[in-house]
Amino acid sequence: MAGGRDDEGGGLDTGAAKPEQAASNVMKTTPENQAATFRNQDQVWPHRVIRRGQTVRALPPHHRPLAHQAYEVGDAMIGLDDFMARRRTAGFLILKNGEIALERYGMGSGPESRWASFSIAKSMTATLVGAALHDGAIGSLDEACGLYVPQMRGSAYEDVTLRNLLRMASGVIWDEGDKSDGRDLRRLGQAMGSRRPGAILDLLRTLPRAAPQGAVFNYSTGESVLLGAVVAAATGRPLADYFAQTVWGPAGMEADGLWQLESEDGLELGGMGVSARLRDVGRFGLLVLEDGEAFDGRRVLPSGWRDLAGQPDCAATAFGRLMAGSPAGYGYHWWSLPGAPFADGLHAGAFLALGAFGQRIYLNPTEQAVAVIQSAWRQPHDSEAEAETVALLRTLIRALRP
């Protein structure tokens, strides 16, 4: 596989007699093999290594550890151990002021296990757009993607701005399958399965326009892949290498990560495919929470990027406008939580990266808190598990207040 393996901990069960074997398809694996599959995506897909830097950011213990917290669901109080068992949680990390208040593992994982991020990678790709803007490789978020990716010229995407790609408000038709058959998501899977360079961008070229750009929110994994192609073209470097330079190294990661590729030695998939240790995902969250200022004092994102990327900035992505019954808004590839009365205002200013099967990065600037959850839900989306996770986070974040 492209990029090869490194020796920083391959995500194998400690004490296992032989290496774990990943299923060939995350959607068709068994519950018993699901965790091994999520830990070992490099067995299935070509990948590129995201190299760690020379210095590791220490994550000292918090003076008030969250050891035995319970949380309220309806009229019942549920313990953390029960949550992790029922919700098939492989890793749970909470950082308060850059210190570890909670670190727990399950599903056979441990501190050296890598775990697939699924759509959390979208937020990482968006962060690379900010890094390229800070570096000057991208001139403006209001430039058209066709300026950077000639393959999009002549398509509905030619004049779509980077800002509207980040908002997922291109106006181009895409069916991700929330309440439909997911036609375009299936076509994306077919393009990935072909392992042909450029197959996903070729798919995007065929899509028609449905609305003016900036007018309608429409969640699209394909557009995250396109953003990744923009960054790679603008910087002249593979995403994994640029990620290592601008984020992975400056954030002080303890281990290499992996990024899934479209094809052998091809483009990283901007909408999915980053595998990393739990603590390193937490360090990524800290870098964003601290507005792109690395722990060594070096700035890697534009000043104010956190609040720009983490909150809605147009009517199409405003709070309560995205999905029926949801109060959420959308920033630049981050989901945003409203203030009061939702959760008594505890989540005001907070935003999240969300991935299928229960992957979460929660950032709360007011509380100076980061939470990372790695899970193996039995299906990609689970509304009951989602509601329970929000209730648990509310309890844990509140428990860490002075």
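Residues numbered from 1 in each chain as written. Predicted model: local features only at pLDDT ≥ 70, side-chain atom pairs only at ≥ 80, totals over all residues. Heavy atoms only, no water.

**Observations regarding the packing of aromatic side chains**
Rule in force here: The rule is short: rings of Phe, Tyr and Trp, with Trp giving its six-membered ring, pair when the centres are within 6.5 Å, and they are stacked under 30 degrees, edge-to-face over 60, tilted in between. By definition, any uninterrupted DSSP run of H or I lasting at least four residues is a helix, any uninterrupted run of E lasting at least two residues is a strand, and each is numbered from the N terminus. Type-normalised accessible area, obtained with a 1.4 Å probe on protein chains alone, sets the label of each residue: buried when under 20%, exposed when over 50%, and partly exposed for intermediate values.
Within the structure shown, the criterion is met by 15 aromatic pairs. On the basis of an interplanar angle of 55 degrees and a centroid distance of 4.9 Å, the ring pair of Phe217 and Tyr330 is categorised as tilted. Here Phe217 is found in the loop between helix H6 (199–205) and helix H7 (221–235), whereas its partner Tyr330 is found in strand E9 (residues 329–330), with 113 residues between them in sequence. Neither residue differs from the other here; Phe217 and Tyr330 are each classed as buried. Through successive ring pairs, a cluster of aromatic residues spans Phe243, Trp248, Trp259, Phe284, Trp334 and Phe351.

**A short note on the packing of helix H3 (residues 120–135) against helix H8 (residues 239–248)**
To keep it simple, the criterion reads: Geometry is summarised by axes, namely lines fitted to C-alpha atoms with helices restricted to the contacting stretch, and by angles between N-to-C directions that run from 0 to 180 degrees. Angle categories: roughly parallel below 35 degrees, roughly antiparallel above 145, roughly perpendicular from 65 to 115, and oblique for all the rest. With the far helix as reference, a near helix turned anticlockwise by less than a right angle produces a left-handed crossing, and one turned clockwise produces a right-handed crossing. Should any heavy atoms of two residues lie within 4.5 Å, those residues are considered in contact. Three classes are used, and their members are as follows: Ala, Val, Leu, Ile, Met, Phe, Trp, Tyr, Cys and Pro are nonpolar, Asp, Glu, Lys and Arg are charged, and the others, Gly among them, are polar.
Contact geometry of H3 with H8 gives a least axis separation of 10 Å together with a crossing angle of 70 degrees. Relative to H8, H3 is oriented roughly perpendicular. Relative to H8, the crossing made by H3 is left-handed. In contact with Met124, Thr127, Leu128, Ala131, Ala132 and Asp135 of H3, H8 contributes Leu239, Tyr242, Phe243, Thr246 and Val247. Tallied by class, residues from the contact of H3 with H8 come to 8 nonpolar, 2 polar and 1 charged.

**Things to note about the sheet that holds strand E8 (residues 274–276)**
Here is the rule: Pairing between strands is defined by DSSP: at least two bridges between the two strands are required.
Overall, antiparallel pairing links the 4 strands, which are arranged E1-E7-E8-E6 in an open sheet. On the outer flanks of this sheet lie strand E1 (47–50) and strand E6 (115–116), each paired with one strand and no other. As paired elements, E6 and E8 share 2 bridges and run antiparallel to each other. Opposite Trp115, over in E8, you have Ala276 as the bridge partner.

**Describing the nonpolar core**
Selection criterion: The definition of a nonpolar core used throughout is a set of buried Ala, Val, Leu, Ile, Met, Phe, Trp, Tyr and Cys residues joined through side-chain atoms within 4.5 Å.
Ranked by internal contacts, the top residues of the largest apolar core, which has 82 residues, are Tyr157, Leu226, Phe243 and Phe284. With sequence-adjacent residues up to four places away left out, Leu226 is seen in contact with Cys145, Val149, Met152, Tyr157, Leu165, Leu201 and Leu204. Within the second largest apolar cluster, 24 residues are counted, among which are Phe92, Leu102, Tyr362 and Leu393.

**Brief notes about the side chain of Ser119**
Rule in force here: Within 3.5 Å is the distance limit for a polar contact, defined as a pair of N or O atoms, with the added protein rule that one can donate a hydrogen and the other accept it, and that residues adjacent in sequence qualify only through two side-chain atoms.
When you line up the elements, Ser119 lands in the loop between E6 and H3. When its relative accessible area of 16% is taken as the criterion, Ser119 is described as buried. Within the local environment of Ser119, its side chain forms a polar contact with the side chain of Lys122, the two groups lying 2.7 Å apart. Within the structure, the side chain of Ser119 is placed 3.3 Å from the side chain of Tyr219, a separation counted as a polar contact. Apart from the residues within four sequence positions on either side, Ser119 is in contact with Tyr219, Gly271, Leu354, Gly355 and Ala356.

The analysis is restricted to geometry; functional conclusions fall outside its scope.
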